[in-house]
Structure formats: structure tokens, C-alpha cells
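Take a look at the letters that make up each chain.
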Amino acid sequence: LAAQNVKIYSTGGTQKFIEDLGIKCEAVEGVTSYPSILGGRVKTLHPKIFGGILFRRSLDEDRSQVEQYEIPKIDLVIVDLYPFEETLASGAEDAAIIEKIDVGGPSMIRAAAKNHNDVAVVADKSLYSWLTTTLKEQDGFTSLPQRREMASKAFAVTANYDKAIAEYFTEQTSLRYGENPHQTALFKGDLNKIFDKIHGKDISYNNLLDINAAVELISEYENSDPTFAILKHNNACGVATRSTLDQAYGAALAGDPISAFGGVLICNREMDETTAKEVNALFCEVVIAPGFEPTALELLKSKKNRILLDIHFENVPKCGVNERTMLGGVLCQQKDTQLGGVDGEPVLGSTTPVNEEQMNDLIFANKIVKHSKSNAIVLAKDGMMLGSGVGQTSRVDALKQAISKAESFGFDLNGAVMASDAFFPFADCVEIAHKAGISAVIQPGGSVRDQDTVDYCNANGIAMIVTGIRHFKH
């Protein structure tokens, strides 16, 4: 920078370091006419600094004000933020950690990135060598595309910095362990907003994964008739809707009484005594309901480790962002908030009409398959899940698994319906389903060979609804 005749401003230790190199460096205090105050908390927060960064060179009014108030024109901002995460990781006391929350630094970075049309910003030491080379090769200048890319990287730095700070202040709950006993785990968030934990042992990492899956599934039936769901390893192994809650539980349990052992149970109605008596006979990890009758609560509390959660449906997020950490970063996506039923007119379908009972079952099954791990198939009849195939590497395998599961518990698939989370690449699935007795199908469509499936349905009297909405879940 000095070789390019750049005027350099800095503060404190950085200024001294530059001057010790024999390079002229002007103190920020000389520009602002204010000393570093409040123990160094306030140094750069001043109109002459931020005016110089945010000054738009193309506007006459900005140029006039810069001249009027003698604001220096700042073309490059280089900031290395206070080491908040490093201080946190060192096990320092709260006061020391708080002092490492940079205020002026992120503000200058954001200001420079916002004004990238005129100002270059570097907020990551990994870019220092690139900047050095660029300034040498381009005679001290940067291009707009380069400044825009630098701004993008700068905003990412401040976003991650603020995220780390936010997580530090977020309520954290230590869990017994992670997915396995040798892994530590904690939950960052406020469970008390969604649940009142009434009884039972501490919630584990795996419990929370299943609880989340259960809440997302039952939320599809929040306003439906009494519905009960039983989940294991984030997938439903039993779901049923009936006129009473105890009937819904009985049908859900019948869907797969073997997998239900040690599962997570959830319903969309207050837990009554009759249902609680039946639930109490099953070994289960967690029971979730929007309220418990006093007698039902006493029954379920008879197992000291059983976790009982009173859910507040009104506080369950209806939208937002899903995040997963991987490869040293964070993968984010909008939550799948589309309804599990049929939105509007089907974009494609068979000539065989769908009757009211079939449509109810198709919507019921489609809600379940939406919350099942891909590749997924769900079979249902009369408001009850008869079988599912989840997490398979082919859709045919998922269907065969669902049929085998249903038949193993003695269910008659004649007149049942099938839901698929994604399109059928060939007609083989509807052919297999038809031979098993399936009478109606719901799927998103979108295959280049959709017509093959349509033709098979038309030729064999199978009703089909195509929603146009895929529900992959990995």
C-alpha cells in the first residue's frame, strides 16, 4: 500500500506495527479529533470514518458534504475482527468473552461492503496475499466485479461472526449424549416455548430428532379428526385418524406393533384416560399431546423414565429455514411448507375418477409420505397407514417393503391407496401396486416417462392424482 502512495489510517497496536515497519500511518484519532475512549470500545465509530467509507463518489450531494465536513475519502477497508470464537473456545470468563464482541469492526465491514461500488473491503486474512498481488498487477486499483466478490465474502464473515455470538447468548441444554454414548451433544434453543415437560428422564439427542419428526408430521393433522402417530427413527410406523382418540391409537399401533416398541407417540387431541390406559401398556420413550386429563397423566407417570410433553401447537414454527452442518459449513433450505394434500387441480392424472373415500385416503397418505425418508412409499386405507417403505435406494424397493410390511400384519390391500414422495421413472411401481390390490395413487409426477404410468393406470382402472409437488426428505 505504501508503495502505491496510499494514505493509511489505523488505530492502536496496528498503527504502531505499521510505523515500526518504517511506513507512515495516520492515527484515526487525528481524523475524528476524539481519543480512543471507554477502554478502546469507541475508536472508529465516528461520522468522519463512516462518512469516508459510505461516501458515494457519483453523487454531487455526497461530494459536497464530504468537502464541507472535511471527511477523508476511504477507498479500502481492512479489518481483522476481535477473536470472539477463539476466546470462547479458550474457556475464558464471561466478561472476557463479551469484550471480544467487535462492534466497530463489523460496522466498518458492512459499510464498506454496502458501498462496494466505490470501496474495496477485506475481512478475511486469507485474502491478504490475493489483495497484495491484485494491487501490484492493477496499479493500486480494483474492478467492480472484484469489489462485489470481496463484499460477498465480507458479509459472510460478519454473518458467521454474528451467528457465533448469537449462539453464545442462546439458551443451551446439555443432552445425555449424542446419537451414540461416546458423542457429546447439546441443544441450542428454547424447548420450553413449544413444550411443557411434565415428567420423565432428560431428553436425549435421538429423542429430540424423533420428537421433531413427530411434531412436523402431526402438525399436518392439527385440525383433523382425532389422529395418532407412532414414530421410530424419524419415520412413522403407525398413523391413523378415527372418530375417537383411543380408536386412532389402536389403529396406529396395529399398523406396526413391533416397531412401536420404544417409539415416540404423538396425537392431536388432549390425552384422555381411556387412551392413556392403552398407551401405558406399551413401552415407549416419549408421549406428546396438547394436554393431558389428570387421570391420564397419573397413569402415564407410572413409568418414571417415560418423557411426557404437553405441546403448544400455536408455538410450533409453521415456516422458516432448515439448517444442517457439513463439510465445515452450513447447508440451508426453506422448510417444506406445502400442504400434504392436493393443492388445486391435478396437473396430470388417469381417466379413472377418484371417489371421496379414495381422495381422503390419498391426502392422508400423502401427508405421511411427505415426512418419510426418501425413497418413500406409503400405503393407506380407511384413514390408517397399512405399510411404508422408507430410506430405500430405489422406489421399487420402497414399494416392495411397504407391501411386505402390510401383508406381514395381515392387512388386505384391496382398495388401498399408494402415495409416493417423488415421481415414478417407469410404470413398474403402479404395476406392482395394482397386482397387490392398490386402487388409487398419488404422486408428484415430473418424469419424462409419466405417460407410461398414466397409460398403465388408464388400462387397468387405477385412479391417479398428480400434485406437481415433490417431497424428497434426506
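Right above here is the structure, for reference.
Residue positions are counted from 1 within each chain, in the order its sequence is given. In keeping with the predicted nature of the model, local features appear solely for residues at pLDDT of at least 70, side-chain atom pairs appear and are counted solely at 80 or more, and the whole-chain, interface and lining totals rest on all residues. Heavy atoms throughout the structure, all of them, feed into the side-chain values; hydrogens and water do not.

A. Up close: the side chain of Asp450. Mapped onto the fold, Asp450 is located in helix H17 (residues 450-460). Three labels apply to residues, based on accessible area from a 1.4 Å probe with only protein chains included: buried if under 20% of the type maximum, exposed if over 50%, partly exposed otherwise in between. The charge count includes Lys and Arg as positive and Asp and Glu as negative, but it does not include His or the ends of the chains. One speaks of a salt bridge when a side-chain nitrogen belonging to Lys or Arg is within 4 Å of a carboxyl oxygen belonging to Asp or Glu. Buried and without a salt bridge, Asp450 has Arg449 as its closest oppositely charged side chain, separated by 9.4 Å. Nitrogen and oxygen atoms within 3.5 Å of one another constitute a polar contact, given that in protein one can donate a hydrogen and the other can accept it, and given that sequence-neighbouring residues count only through two side-chain atoms. Side-chain polar atoms of Asp450 contact the backbone nitrogen of Gly446, separated by 2.8 Å. Each helix corresponds to a stretch of at least 4 residues labelled H or I by DSSP, and each strand to a stretch of at least 2 residues labelled E; elements are numbered beginning at the N terminus.

B. Representation of empty space enclosed by the protein within the structure. Computed over the protein atoms alone on a 1 Å grid, cavities are sets of points where a 1.4 Å probe fits but cannot get out and pockets are open sets with protein on both sides within 12 Å along at least five of seven lines; a residue lines them when it has an atom within 4 Å of a point. Grid points are joined across faces, edges and corners, and a volume is the space filled by probe spheres set on the points. Here the structure, examined in full by the defined rule, presents 1 cavity of 30 Å³ or more. Estimated volume of the largest cavity: approximately 40 Å³. For the lining of the largest cavity, the residue count by class is 3 nonpolar, 5 polar and no charged. Residue type decides the class: Asp, Glu, Lys and Arg count as charged, Ala, Val, Leu, Ile, Met, Phe, Trp, Tyr, Cys and Pro as nonpolar, and the leftover types, Gly among them, as polar.

C. Layout of the nonpolar core. Residues enter a nonpolar core if they are buried and are Ala, Val, Leu, Ile, Met, Phe, Trp, Tyr or Cys, with the set joined through side-chain atoms within 4.5 Å. Counting 52 residues, the largest nonpolar core has Phe228, Met271, Leu379 and Met418 as the members making the most contacts within it. Leu208, Val264, Phe364 and Val369 belong to the second largest nonpolar core, which has 42 residues in total.

D. Quick peek at the side chain of Asp421. In this structure, Asp421 sits in the loop between strand E18 (417-420) and helix H16 (428-436). Here Asp421 falls in the buried class, since its relative accessible area comes to 0%. Polar contacts involving the side chain of Asp421 include one to the side chain of Ser374, which spans 2.4 Å. From its side chain, Asp421 meets the backbone nitrogen of Ala376 in a polar contact 3.2 Å long.

E. Layout of the environment of Pro181. Its place among the elements puts Pro181 in the loop between strand E5 (172-174) and strand E6 (186-188). Its relative accessible area of 65% is what places Pro181 among the exposed residues. In this structure, the C-alpha to C-alpha distance between Pro181 and Tyr69, residues 112 residues apart in sequence, is 64 Å.

F. Layout of the pairing of strand E9 (residues 235-241). Most of E9 sits out of view: 7 of its 7 residues are buried. Paired strands, in this sense, are two strands between which DSSP finds at least two bridges. Relative to E9, strand E8 (residues 227-232) runs antiparallel, the two being bridged by 6 bridges. Bridged to Lys232 within E9 is Asn235. Between the antiparallel neighbours E8 and E9 lie 2 residues, among them His233 with a positive phi of about 55°.

G. Up close: the packing of aromatic side chains. Only Phe, Tyr and Trp rings are paired, with Trp represented by its six-membered ring, and only when their centres lie within 6.5 Å; those with planes under 30 degrees apart are stacked, over 60 edge-to-face, the remainder tilted. For the structure on display, the rule yields 6 aromatic pairs. Measuring from centroid to centroid gives 6.4 Å for Phe84 and Tyr161, while their planes differ by 70°, and the two rings are edge-to-face. Here Phe84, found in helix H5 (residues 84-89), pairs with Tyr161, found in helix H9 (residues 144-169); they are 77 residues apart in sequence, far enough to count as distant. Residue Tyr161 is classed as buried on the basis of its relative accessible area, which comes to 7%. Taking 5.8 Å as the distance between ring centres and 80° as the angle between the ring planes, the aromatic pair formed by Phe84 and Tyr168 counts as edge-to-face. One end of the pair, Phe84, is in helix H5; the other, Tyr168, is in helix H9, and 84 residues separate them in sequence. Put simply, the rings of Phe84, Tyr161, Tyr168 and Phe169 touch in pairs and so form one group of aromatic residues.

H. Quick peek at unusual backbone geometry. Looking along the chain, the bond that leaves Ser374 and enters Asn375 is cis, with omega of -10°. Looking at the element boundaries, Asn375 is found in the loop between helix H14 (356-370) and strand E16 (377-381). Despite not being glycine, Asp139 has its phi angle at roughly 55°, a positive value. A relative accessible area of 55% places Asp139 in the exposed class. Positive phi, normally seen in glycine, also occurs at Asn234, with a value near 75°. You can see Asn234 is positioned in the loop between E8 and E9.

I. The arrangement of the packing of H16 against H17 in detail. Fitted lines through C-alpha atoms give the axes, limited to the stretch in contact for helices. The angle between two N-to-C directions lies from 0 to 180 degrees. Running from N to C, H16 and H17 point in directions that differ by 25°, and their axes come no closer than 8 Å. With respect to each other, H16 and H17 are oriented roughly parallel. As H16 packs across H17, the resulting crossing turns out to be right-handed. Here Val430, Glu431 and His434 of H16 come into contact with H17, specifically with Thr453, Tyr456, Cys457 and Asn460. Residue composition of the contact of H16 with H17, by class: 3 nonpolar, 3 polar and 1 charged. Here roughly perpendicular refers to angles of 65 to 115 degrees, roughly parallel to angles under 35, roughly antiparallel to angles over 145, and oblique to all remaining angles. Crossing handedness: left-handed means the near helix sits turned counterclockwise from the far one by under a right angle, and right-handed means the same turn made clockwise. We call two residues in contact whenever any of their non-hydrogen atoms come within 4.5 Å of each other.

J. Examining the pattern of salt bridges more closely. A full pass over the atoms with the stated rule returns 17 salt bridges. Notably, a salt bridge pairs Lys16 with Asp20, separated by 2.9 Å at the nearest N-O pair. Here Lys16 and its partner Asp20 are both found in helix H1 (residues 12-20), 4 residues apart, which amounts to about one turn of the helix. Since its relative accessible area comes to 55%, Asp20 is described here as exposed. A salt bridge links Lys370 to Glu220, with the nearest nitrogen and oxygen atoms 2.6 Å apart. With a gap of 150 residues between them, Lys370 in helix H14 and Glu220 in the loop between helix H10 (205-218) and E8 connect regions that are remote in the sequence. By relative accessible area, Lys370 is classed as buried at 5%.

K. Inspection of helix H15 (residues 395-408) at higher detail. To estimate the expected span of a helix, subtract one from its residue number and multiply by 1.5 Å. Compared with an ideal rise of 1.5 Å per residue, which puts 14 residues at 20 Å, H15 spans 20 Å between its outermost C-alpha atoms and is within 8% of the ideal. Turning to H15, its buried residues are Arg395, Val396, Ala398, Leu399, Ala402, Ile403 and Ala406. Taken around the axis of H15, the buried residues stretch over an arc of 165°, which confines them to a single face. Residues of H15 that are buried make contact with E16, strand E17 (384-389), E18 and H16. Phi turns positive, to about 75°, at Gly410, one or two residues after H15. The arc in question is the one traced by the directions running from the helix axis out to the C-beta atoms.

L. Summary view of the pairing of E16. A large share of E16 lies buried, amounting to 4 of its 5 residues. Bridging between E16 and E17 involves 5 bridges; their strand directions are antiparallel. Across the sheet, Ile377 pairs through a bridge with Gly389, a residue of E17. Counting the residues in the hairpin turn of E16 and E17 gives 2 residues, including Asp382, whose phi is positive at 55°. Bridge analysis of E16 against E18 gives 4 bridges, and the strand direction is antiparallel. Within E18, the position partnered with Ala380 by the bridge is Val417.

Read these as layout, nothing more, since geometry by itself doesn't imply function.
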